[in-house]
Amino acid sequence: MLRIGVLGSGKGSNFRAIADAIGRGGLDAEVRVVISDVASAGILELARVRGLRAEFVEPGRFKTKLEPEAERRVVEILQSAGAEWVVLAGYMRMIKPPLLEAFPRRIVNIHPSLLPAFPGLEAWRQALAAGVAETGCTVHYVDAGMDTGEVIAQRAVPVLPGDTAETLHARIQVAEHALYPEVLAGLAAAAD
Ligand code: GRF
């Protein structure tokens with residue numbers, strides 16, 4: 001059984017896929033808390049309607065990382081909630097030592113490209129601009145770099161003629177919603 005804390009900044013469709021997989025019995029995990037750096041993020045609302053603990057942490061003055069004090073608060077919340085793994089699901093900030101050191105090799109992320117291709121923001125847009133025939137998504141361990149941690153699993157997605165950034169991102173997200181729960185189920189099985 002994987003006890004997870006989920007961090008997200010956005011609409012939370014990956015969180016929903018994970019919570020649904022748990023609900024169906026396809027993933028032996030428990031969401032102990034959902035934390036966001038955005039007070040109005042859809043992911044917090046999705047957690048609340050499921051009766052899960054949902055916490056907003058004021059991020060502080062930086063755009064790309066949390067203020068160290070805020071990151072320590074995140075660690076405190078995760079630990080008090082009994083989370084053993086940290087699942088990043090559309091979390092838009094870099095992870096720094098307070099969190100990395102509290103959960104060594106226990107933080108995973110999903111990224112919308114076949115890493116190491118197209119790290120960083122709006123990877124689907126980067127793929128489209130590069131003219132590749134195939135992109136996809138990657139679940140990886142998180143380290144101090146941007147989308148540089150060890151790859152756990154990937155799923156390829158074709159780029160189709162006439163694709164826009166939106167249609168391509170939507171197709172990648174369908175793959176993400178299948179891949180992320182599958183990878184977590186694998187981690188849960190390995191943790192037993
Ligand atoms: C996903 O495309 C994910 O790969 C990226 O951010 C997006 C999050 O979407 N890291 P959602 O909030 O899970 O809907």
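Calculation rules
- Residues numbered from 1 in each chain as written.
- Predicted model: local features only at pLDDT ≥ 70, side-chain atom pairs only at ≥ 80, totals over all residues.
- Heavy atoms only, no water.
- 1 Å grid on protein atoms, 1.4 Å probe; cavity = no way out; pocket = protein on both sides within 12 Å on 5 of 7 lines; lining within 4 Å.
- Points joined across faces, edges and corners; volume = space filled by probe spheres on them.
- Nonpolar A, V, L, I, M, F, W, Y, C, P; charged D, E, K, R; others polar.
- Buried < 20%, exposed > 50% of the residue type's maximum accessible area, 1.4 Å probe, protein only.
- Helix = DSSP H or I, 4+ residues; strand = E, 2+ residues; numbered from the N terminus.
- Pairing = 2+ DSSP bridges.
- Polar contact = N/O pair within 3.5 Å; in protein donor to acceptor, adjacent residues only side chain to side chain.
- Near = heavy atom within 4 Å.
- Areas by Shrake-Rupley, 256 points an atom, 1.4 Å probe, with all protein chains shown as cover.
- Sits in = over half its atoms within 2 Å of the grid points.

## Describing empty space enclosed by the protein
(1) Moving on: According to the stated counting rule, one finds 1 cavity of 30 Å³ or more in the structure shown.
(2) Moving on: Its volume calculated, the largest cavity comes out at about 30 Å³.
(3) Moving on: In terms of lining, the largest cavity is formed by Leu-7, Ile-35, Ser-36, Asp-37, Val-57, Leu-66, Val-74 and Tyr-91.
(4) Moving on: Of the residues that constitute the lining of the largest cavity, the class distribution is 6 nonpolar, 1 polar and 1 charged.

## A closer look at the pairing of strand β6 (residues 134–141)
(1) Moving on: Within β6, 7 of the 8 residues are buried, leaving the element largely enclosed by the surrounding structure.
(2) Moving on: By the bridge criterion, 7 bridges tie β6 to strand β7 (residues 151–158) in an arrangement that is antiparallel. Bridged to Glu-134 within β7 is Pro-158.

## Some remarks on the environment of Glu-69
(1) Moving on: As for its position among the elements, Glu-69 is in helix α3 (residues 68–80).
(2) Moving on: Along the sequence, Glu-69 and Ala-102 sit 33 residues apart, while their C-alpha atoms lie 14 Å from each other.
(3) Moving on: At a separation of 3.3 Å, a polar atom in the side chain of Glu-69 contacts the side chain of Arg-72.

## What to know about the site of the ligand
(1) Moving on: Contacts to the ligand come from Gly-10, Lys-11, Gly-12, Ser-13, Asn-14, Gly-90, Ile-110, His-111, Pro-112, His-169, Gln-173 and Glu-176.
(2) Moving on: Gly-12 is positioned such that a nitrogen or oxygen atom in its backbone is 2.8 Å from an oxygen atom of the ligand.
(3) Moving on: With respect to the ligand, the side chain of His-169 contributes an N or O atom lying 3.0 Å from an oxygen atom.
(4) Moving on: Here the ligand loses 90% of its free accessible area of 360 Å² to cover by the protein chains.
(5) Moving on: For the ligand, the cavity whose grid points lie within 2 Å of the majority of its atoms is the largest pocket.

Read these as layout, nothing more, since geometry by itself doesn't imply function.
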